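# Descriptive structure summary
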Amino acid sequence: MSPPPSPPSNTAPSPPSNTAPSAVETAAAVRAGTRSARQTVEQHLEAIARRESDIHAFNTVLADEARAAADAVDHKVAMGQDPGPLAGVTVALKDNMCTRGIPTTCSSKILEGWRPPYDATVVERIVRAGGIVVGKTNLDEFAMGSSTENSAFGPTRNPHDVTKVPGGSSGGSAAAVAAGFASLAIGSDTGGSIRQPAALCGVVGMKPTYGLVSRYGLIAFASSLDQIGPFAATVADAALLLEVIAGHDPLDTTSIPESGPRLVDQLSQGVDGLRVGVVQELMNGVDADVAARVNEAADALSAAGAKVDTASVPAAIYGLSAYYLIAPAEASSNLARYDGVRYGLRVPGDDITSTYMRTRAAGFGAEVKRRIMLGTYALSAGYYDAYYGQAQRVRTLIIRDFTAAYEHFDVLLSPTSPTTAFAFGAKSENPLAMYLSDVCTIPSNLAGHPAISVPFGAGDDGLPVGVQVMAPALGEPVMFRAAAALERGAPGSSSAATAAGR
Ligand code: GLN
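Residues numbered from 1 in each chain as written. Predicted model: local features only at pLDDT ≥ 70, side-chain atom pairs only at ≥ 80, totals over all residues. Heavy atoms only, no water.

## Concerning the confidence of the model for the protein
- Taken over all residues, the pLDDT of the protein has a mean of 94, while the share at 70 or more is 94%.
- Contacts from residues 1–10, a stretch scored under 50 in pLDDT, to residues over four places away or in other chains number 13 contacts.
- Across residues 496–502 the pLDDT falls below 50, and counting only partners more than four positions away or on other chains, this stretch makes five contacts in the model. (pLDDT = per-residue confidence, 0-100. Contact = heavy atoms within 4.5 Å.)

## Let's talk about helix H5 (residues 171–178)
- Within H5, eight of the eight residues are buried, which leaves it mostly tucked inside the rest of the structure.
- Buried residues of H5: Gly 171, Gly 172, Ser 173, Ala 174, Ala 175, Ala 176, Val 177 and Ala 178, and no others.
- Two residues or fewer past H5, Gly 180 is found with a positive phi of approximately 75°. (Buried < 20%, exposed > 50% of the residue type's maximum accessible area, 1.4 Å probe, protein only. Helix = DSSP H or I, 4+ residues; strand = E, 2+ residues; numbered from the N terminus.)

## Some details on the sheet that holds strand E2 (residues 90–94)
- If you trace the eleven strands from one edge of the open sheet to the other, you get E1-E3-E2-E4-E6-E5-E10-E11-E9-E7-E8, paired in mixed fashion. Each having just a single partner strand, strand E1 (58–61) and strand E8 (307–311) make up the two edges of the open sheet. Ignoring strand direction, the axes of neighbouring strands in this sheet form an average angle of 30°.
- Taken together, the six bridges between strand E4 (residues 184–189) and strand E6 (residues 227–232) define a ladder with antiparallel strand orientation. Bridge pairing links Ile 186 to Pro 230 in E6. (Pairing = 2+ DSSP bridges. Axes fitted to C-alpha atoms, helices over the stretch in contact; angles between N-to-C directions.)

## Some words on the site of the ligand
- Surveying the vicinity of the ligand reveals 15 residues, the closest of which are Gly 191, Ser 193, Tyr 323, Arg 371 and Asp 438.
- Contact distances for the ligand include 3.3 Å between an oxygen atom and a side-chain N or O atom of Tyr 324.
- Alone, the ligand offers 290 Å² of accessible surface; in the complex the protein occludes 100% of this.
- Taking a 2 Å distance to the grid points as the criterion, the majority of the atoms of the ligand fall inside the largest cavity.
- A class-by-class count of the residues in the shell around the ligand yields five nonpolar, seven polar and three charged. (Near = heavy atom within 4 Å. Polar contact = N/O pair within 3.5 Å; in protein donor to acceptor, adjacent residues only side chain to side chain. Areas by Shrake-Rupley, 256 points an atom, 1.4 Å probe, with all protein chains shown as cover. 1 Å grid on protein atoms, 1.4 Å probe; cavity = no way out; pocket = protein on both sides within 12 Å on 5 of 7 lines; lining within 4 Å. Sits in = over half its atoms within 2 Å of the grid points. Nonpolar A, V, L, I, M, F, W, Y, C, P; charged D, E, K, R; others polar.)

## Remarks on empty space enclosed by the protein
- Tallied over the entire structure, the rule returns two cavities of 30 Å³ or more.
- Of the pockets and cavities examined, the largest cavity occupies roughly 70 Å³.
- For the largest cavity, the full set of lining residues is Ala 143, Met 144, Gly 145, Ser 146, Gly 191, Gly 192, Ser 193, Phe 221, Tyr 323, Tyr 324, Arg 371 and Asp 438.
- In terms of residue class, the lining of the largest cavity is made up of five nonpolar, five polar and two charged.
- Considered as a void within the structure, the second largest cavity measures approximately 30 Å³ in volume.
- In this structure, the second largest cavity is lined by Ala 199, Leu 200, Val 290, Ser 417, Thr 419, Thr 420, Pro 464, Val 465 and Gly 466.
- For the lining of the second largest cavity, the per-class residue count stands at five nonpolar, four polar and no charged. (Points joined across faces, edges and corners; volume = space filled by probe spheres on them.)

## Some words on the side chain of Asp 140
- Among the structural elements, Asp 140 can be located in the loop between strand E3 (132–137) and H5.
- Within the structure, Asp 140 has its side chain in polar contact with the backbone nitrogen of Asn 150 (distance 2.9 Å).
- For Asp 140, the contacting residues outside a window of four places in its chain are Cys 106, Gly 145, Ser 146, Ser 147, Thr 148, Glu 149, Asn 150, Ser 151, Gly 168 and Ser 169.

## Examining helix H9 (residues 319–334)
- Between its first and last C-alpha, H9 extends 22 Å over 16 residues, near the 22 Å set by a 1.5 Å rise per residue.
- For H9, the tally of buried residues reaches 13 of 16 residues, placing the bulk of the element in the interior. (Expected span 1.5 Å × (residues − 1).)

## Overview of the pattern of salt bridges
- A full pass over the atoms with the stated rule returns 17 salt bridges.
- Here Arg 67 ties to Glu 42 by a salt bridge, and the two come within 2.8 Å at their closest N and O atoms. Residue Arg 67 is found in helix H3 (residues 63–78), and its partner Glu 42 is found in helix H2 (residues 37–55); the two are separated by 25 residues along the sequence.
- For the salt bridge of Arg 195 with Asp 189, the shortest nitrogen-to-oxygen distance reads 2.8 Å. (Salt bridge = Lys/Arg side-chain N within 4 Å of Asp/Glu carboxyl O.)

## Describing the packing of aromatic side chains
- Under the criterion given, the structure shown has 14 aromatic pairs.
- Pairing Tyr 338 with Tyr 343 gives two aromatic rings, centres 5.5 Å apart and planes at 55°, and the pair type is tilted.
- On the basis of relative accessible area, Tyr 343 is assigned to the partly exposed category, the value being 25%.
- Judged by centre distance (6.5 Å) and plane angle (85°), the ring pair of Tyr 338 and Phe 364 falls under edge-to-face. Taken together, the residues span a long stretch of sequence, with Tyr 338 in the loop between H9 and helix H10 (352–363) and Phe 364 in the loop between H10 and helix H11 (366–378) at a distance of 26 residues. When sorted by exposure, Tyr 338 lands in the same class as Phe 364, which is buried.
- Taken together through their ring pairs, the aromatic side chains of Trp 114, Phe 142, Tyr 338, Tyr 343 and Phe 364 make up a single cluster.
- The ring of Phe 422 has Lys 427 sitting right over it, with the charged end atom 4.4 Å from the ring centre. (Phe/Tyr/Trp six-rings, centres within 6.5 Å; stacked < 30°, edge-to-face > 60°. Lys NZ or Arg CZ within 6 Å of the ring centre and 35° of its normal.)

## Topic: the environment of Ala 66
- Within the fold, Ala 66 resides in helix H3.
- In this structure Ala 66 comes out as buried when scored by relative accessible area, which is 0%.
- Residues Ala 66 and Gly 135 lie 69 residues apart in sequence; the distance between their C-alpha atoms is 8.4 Å.
- For Ala 66, the contacting residues outside a window of four places in its chain are Val 41, Ile 132, Val 133 and Val 134.

## Thoughts on the nonpolar core
- Core analysis: the biggest nonpolar cluster contains 112 residues, and Phe 142, Ile 245, Leu 412 and Phe 480 have the highest contact counts within it.
- Non-local contacts of Ile 245, meaning those with residues more than four positions away in its chain, are made with Val 122, Arg 125, Ile 126, Ile 186, Val 213, Ile 228 and Gly 229.
- Among the nonpolar cores identified, the runner-up in size contains 31 residues, and Ile 48, Val 73, Val 134 and Phe 231 belong to it. (Core = buried A, V, L, I, M, F, W, Y, C linked by side-chain atoms within 4.5 Å.)

Pasting the structure below:
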């Protein structure tokens, strides 16, 4: 039986983590020796013990490892050393990031029993900065989906309403932050998999510029689109985590050969004179309550001094169609390596071909099989140019239209998701309806541009709404400034309350 619906309200529902100190505050206190990393970890482990059986954010909780890592951080502080900018801050990792000796499943049966021999670069950087990994989070199998219902290990539930999906594919990471299981989380975003679950769970989620964060040790889905990025309860916390994970890595050939941007310092700069465009094409077809919040977000930026106008990115309407050729095509190639020989599951057959077939039939779920078939078809001789080639041309048009829009605007605004969190099963029988969840987020992936989702009030159902801020390549500094201003202007925020004289 489902619980009674929450009363309609346009103020943000408060996630339990609102009372917890932010990542920025925790790191400062641990570095100063006024709070221990161990105490921080114990609080998060308690929150996990209380609610994880209802939420299922994690595939693996690393309690002992987290305690040991926290003690090592506290020891450094006691010795007068600086553990780093994430000192004692808990981080949850999407379970498609490699962790040495720790199961890494992509929420797929096909990786059963596999333990990577190395850590992903993001994991190394987080640990080196004093961050504490508390667990590996649930996802749609191989990051294909928008609800986390495609996990081979069962869905994650939305901490705001456990009858609703958390979004996906990084649903476990979004839910972990929203439920206060970790201060920060890492996700991957190929078509919206960080931003859409962030919106549905009422947290901040951000996809960096393509190439800004190393993907070494991220299990590939669609290599020309995949990016790793942060989840956090606040914009400042997301900026802190991005500063730690961004910057050149020789182990990833697509990594931009520069150090990462400085972000945290700039958040208070404000948006006076900033040119903000609301993308008209991405307002079509979204729910009225979501569209209303985006318009209020534009008003909040305008009140903070920005110059707001309507913007147009005409080719964005073809983004979804192009994505569902490019992403499956690349996935069909990337997933060819799971053959029962090199990794995880093996279902033996009479010969090598039947071993391949039995392993892949048993190991992959329905959505992954659908994508492999779509992608293989789109790449096959005689169809390649009509499908894959055409989709690549659309991608060029989208980049061209964004470039034109950014001649007039510093950042662009849109909904993150066309709806708030939906009920389990509502879209699982209809792949197209599910794919539409990413209609607003996909264009930035196709262009390689950064984009962030910031919680901004609630829908008619009382569930969180996310507003997306987009920027041109390497426009993270200006994008974070706009995001911070949105956060200050959001309904229910302490600054908004002060501004409204409440
Ligand atoms: N929901 C989209 C898909 O199913 C995006 C996934 C992602 O960003 N990893 O492909």
